[in-house]
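Spelled out from the first residue to the last, the chains are:
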Amino acid sequence: DVVMTQSPLSLPVTLGQPASISCRSTQSLVHSDGNTYLNWFQQRPGQSPRRLIYKVSNRDSGVPDRFSGSGSGTDFTLKISRVEAEDVGVYYCMLGTHWTFGQGTKVEVK
Amino acid sequence: EVQLVQSGAEVKKPGESLKISCKISGYRFTTYWIGWVRQMPGKGLEWMGIIYPGDSDARYSPSFQGQITMSADKSISTAYLQWSSLKASDTAMYYCARVDSPYYYGMDVWGQGTTVTVSS
């Protein structure tokens, strides 16, 4: 089974500063069709999850451009260029081909 | 506007049955998979399974196979998640979500969640 490991699990951030979350897998995530179906979700406190990024680096409609996804193979990253107060919450990576979520990374303001 | 509206909170006793619902609007119900996700108190997201309302093809996570049943009623654009015999460990928030196409993109629109509490 593929295991998705996020780090850090807790990320205290300063507003206006960048933040970065890593998601690593135990095996290559490249699908037989050549694509990598790594997705990122945000869950604000008390809210339903919301997809931010699909297929590694494609931002969903309405997602601010301060969010970006990158990576390849087994190593992926979600970056927030300048953290805003509304970004507080838990972020999950998810491998679409195996329907496997990472453990989640809690982003909070210092 | 695409909307998934879930049924209200439930409080049940161990051994009881339960069926929660997810009412879809804003798109053609039979053309997208619907997924169900569990979130236990204070924990992360767990994929339970997906169902294609067009033909009721259902795929279950191995962790939930045999424990739950997913179904869909095309006539009223509603998906369901049911248990025949609840356990205390089923206490959780349950989300339904529309699965994007192709479904490897994961869930692009989510319901508001249904809280299920199982306690004697």
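The structure contained in this document is the topic of the report that follows.

Calculation criteria
Residues numbered from 1 in each chain as written. Chains lettered and ligands numbered in written order. Predicted model: local features only at pLDDT ≥ 70, side-chain atom pairs only at ≥ 80, totals over all residues. Heavy atoms only, no water. Helix = DSSP H or I, 4+ residues; strand = E, 2+ residues; numbered from the N terminus. Polar contact = N/O pair within 3.5 Å; in protein donor to acceptor, adjacent residues only side chain to side chain. Contact = heavy atoms within 4.5 Å. Buried < 20%, exposed > 50% of the residue type's maximum accessible area, 1.4 Å probe, protein only. Pairing = 2+ DSSP bridges. Axes fitted to C-alpha atoms, helices over the stretch in contact; angles between N-to-C directions. Salt bridge = Lys/Arg side-chain N within 4 Å of Asp/Glu carboxyl O.

## Comments concerning the side chain of T97 of chain A
Thought 1: The residue T97 of chain A is located in the loop between β9 (89–95) and β10 (100–101) in this model.
Thought 2: At a separation of 3.0 Å, a polar atom in the side chain of T97 of chain A contacts the side chain of H98 of chain A.
Thought 3: Those residues in contact with T97 of chain A, other than ones at most four positions away along the chain, are H31 and Y37 of chain A together with Y104 of chain B.

## Overview of the pairing of strand β8 (residues 78–83) of chain B
All names here are of chain B.
Thought 1: In terms of residue burial, β8 counts as a mostly covered element, since 5 of its 6 residues are buried.
Thought 2: Of the strand pairs in this sheet, strand β3 (residues 18–25) and β8 are connected by 6 bridges, and their pairing is antiparallel. In the sheet register, K19 faces β8, and the bridge partner there is Q82.
Thought 3: The pairing of strand β7 (residues 69–73) with β8 spans 5 bridges and is classified as antiparallel. In the sheet register, A72 faces β8, and the bridge partner there is A79.
Thought 4: Between β7 and the antiparallel strand that follows it, β8, lie 4 residues; S77 among them carries a positive phi value of about 50 degrees.

## Concerning the sheet that holds β3 of chain B
Residues and elements named next belong to chain B.
Thought 1: Strand order in the open sheet formed by 4 strands is β1-β3-β8-β7, with antiparallel pairing between adjacent strands. Because the sheet does not close on itself, it has two edges, and the strands there are β1 (3–6) and β7. The mean angle between the axes of side-by-side strands here comes to 20 degrees, regardless of whether they run parallel or antiparallel.

## Regarding the pattern of salt bridges
Residue and element names in this part refer to chain A.
Thought 1: Inspection of the entire model under this criterion finds 9 salt bridges over all chains.
Thought 2: A salt bridge links R66 to E84; the nearest nitrogen and oxygen atoms lie 3.5 Å apart. One end of the pair, R66, is in the loop between β6 (58–59) and β7 (67–72); the other, E84, is in the loop between β8 (75–80) and β9, with 18 residues separating them in the sequence.
Thought 3: By relative accessible area, R66 is classed as buried at 8%.

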